Amino acid sequence: AVTTPVVLCLTIEMMNSITRLSISALCLVICLCPGLGMAREQFHPSWAATCVQTIKVHDGDTLTCVSDPEGHGTFVVRFAGIDAPETGQAYWRVSRDHLRGLAVPGTVAECYKLDRYRREVCRLKSATGEDLADSMIRNGLAWHAVKYAAEESPAERQRYALLETQAQAEKQ
C-alpha cells in the first residue's frame, strides 16, 4: 500500500515531463515552419498588377490572373468586398460566367493581403477604373461580404450595401 502513492506520483511526474516535452516540440515545429500554423489572413504591402489574361475563373469571387511582365507573375485572386456562390451552389455558374465577362485583359488587381488559402485578396477594377464588385452585386450575382467591411472605405461599404439592397428589391 505504501508503494502505490509513490508509483502514482512518479507516473504523474513522468506525464508532466512528457507533456512539457510535447508542448516544447510543438512550439519548435511551429516556429521553424511558420506557414504550418498560419490559418489566418496575412496583410502585406499593397501592390497592383494589370491582368493581361485570366486563365481560370474558379467561381464568382476567385480567378487566376496572369499579370504584365513587370508585374507579379501568375497569382490567384480572392475578390475583395464580395462573396459569391461557391462551386456547386445554386447560380455559381451564372456568377462565374459574369465575372469571366468582366475580368477581361486590362483588369487591374489592387492586392493588400493573403487569405488563409494563400490567395491574394484584391479589389478588381476595369481598365477604366470601374469597381467590378459593383457589377457583381448590382446583378445579384454576389453579395457584400460584411464580415470584411472593416477593410473597405466608408464609401465602398455604403455603395455595396446600397447596390445589394437595390438588387434584392428588383428581385422581388
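Residues numbered from 1 in each chain as written. Predicted model: local features only at pLDDT ≥ 70, side-chain atom pairs only at ≥ 80, totals over all residues. Heavy atoms only, no water.

Colleague: What exactly am I supposed to notice about the sheet that holds strand β6 (residues 120–125) here?
Modeller: Strands in a sheet are paired, the pairing made by backbone hydrogen bonds, and the direction either parallel or antiparallel. Spatially, the 5 strands close up into a barrel ordered β1-β2-β3-β6-β5, and their pairing is mixed. The sheet shows a mean angle of 55 degrees between the axes of neighbouring strands, taken without regard to direction. Bridge count between strand β3 (residues 74–79) and β6: 3 bridges; the pairing is parallel. Note that in β6 the partner of V77 across the bridge is E120. In the packing of helix α3 (residues 92–102) onto the sheet, the strands contacted are β1 (42–57), β2 (62–67), β3 and β5 (107–114), and the crossing angle to β1 comes to about 95 degrees. (Pairing = 2+ DSSP bridges. Helix = DSSP H or I, 4+ residues; strand = E, 2+ residues; numbered from the N terminus. Axes fitted to C-alpha atoms, helices over the stretch in contact; angles between N-to-C directions. Contact = heavy atoms within 4.5 Å.)

Colleague: What is the right way to read the confidence of the model for the protein chain from this model?
Modeller: Looking at the protein chain as a whole, its pLDDT mean stands at 84, while 76% of the residues score no less than 70. Confidence drops under pLDDT 50 across residues 1–15; counting only partners more than four residues distant or on other chains, this segment forms 1 contact. Note that pLDDT drops below 50 for residues 18–38; the model gives that stretch 3 contacts with residues more than four away or on any other chain. (pLDDT = per-residue confidence, 0-100.)

Colleague: Looking at this model, I keep getting lost on the environment of R78. Mind explaining?
Modeller: Among the secondary structure elements, R78 is positioned in strand β3. In this structure R78 comes out as buried when scored by relative accessible area, which is 13%. When the C-alpha atoms of R78 and T64 are compared, they prove to be 8.9 Å apart, with 14 residues separating the residues in sequence. Setting aside residues no more than four positions away along its own chain, R78 makes contact with D61, T62, D83, D115, R119, E120, V121 and C122. Side chain to side chain, R78 and D83 meet in a polar contact 3.4 Å long. (Buried < 20%, exposed > 50% of the residue type's maximum accessible area, 1.4 Å probe, protein only. Polar contact = N/O pair within 3.5 Å; in protein donor to acceptor, adjacent residues only side chain to side chain.)

Colleague: Got a minute to help me understand the state of the cysteines in this structure?
Modeller: On inspection of all chains with the given rule, the structure shows 2 disulfides. In this model, C51 is linked to C65 through a disulfide, with the two sulfur atoms separated by 2.1 Å. Residues C51 and C65 are joined through a disulfide that is left-handed, its torsion about the S-S bond being -120 degrees. Taken together, the residues C51 in strand β1 and C65 in strand β2 connect sequence positions 14 residues apart. Between the sulfur atoms of C111 and its disulfide partner C122 the distance amounts to 2.1 Å. (Disulfide = S-S within 2.5 Å.)

Colleague: How should the side chain of E152 be read in this particular structure?
Modeller: In this structure, E152 sits in the loop between β7 (143–144) and α5 (154–171). For the buried E152, no salt bridge exists, and the shortest N-O distance to an oppositely charged side chain is 5.5 Å, to R157. Here H144 takes part through its side chain, which lies 2.8 Å from a polar atom of the side chain of E152. The residues contacting E152, other than those within four sequence positions of it, are G81, R123, H144, A145, R157 and Y160. (Lys, Arg positive; Asp, Glu negative; His and termini not counted. Salt bridge = Lys/Arg side-chain N within 4 Å of Asp/Glu carboxyl O.)

Colleague: Got a minute to help me understand the pairing of β5 in this structure?
Modeller: Here is the key point about a regular strand: its side chains alternate between the two faces of the sheet. Summarising burial for β5: 6 of the 8 residues are buried, a large majority. Bridge count for β1 against β5 is 7 bridges, and the pairing is antiparallel. When the bridges of β5 are listed, A48 appears paired with E110. As judged from the 6 bridges shared by β5 and β6, these two strands associate in the antiparallel manner. Bridge pairing in β6 places K113 opposite V121.

Colleague: So what exactly am I meant to see when it comes to the side chain of R96 here?
Modeller: Tracing the backbone shows R96 in helix α3. Discounting chain neighbours no more than four positions away, the residues touching R96 are V57, H58, D59 and G60.

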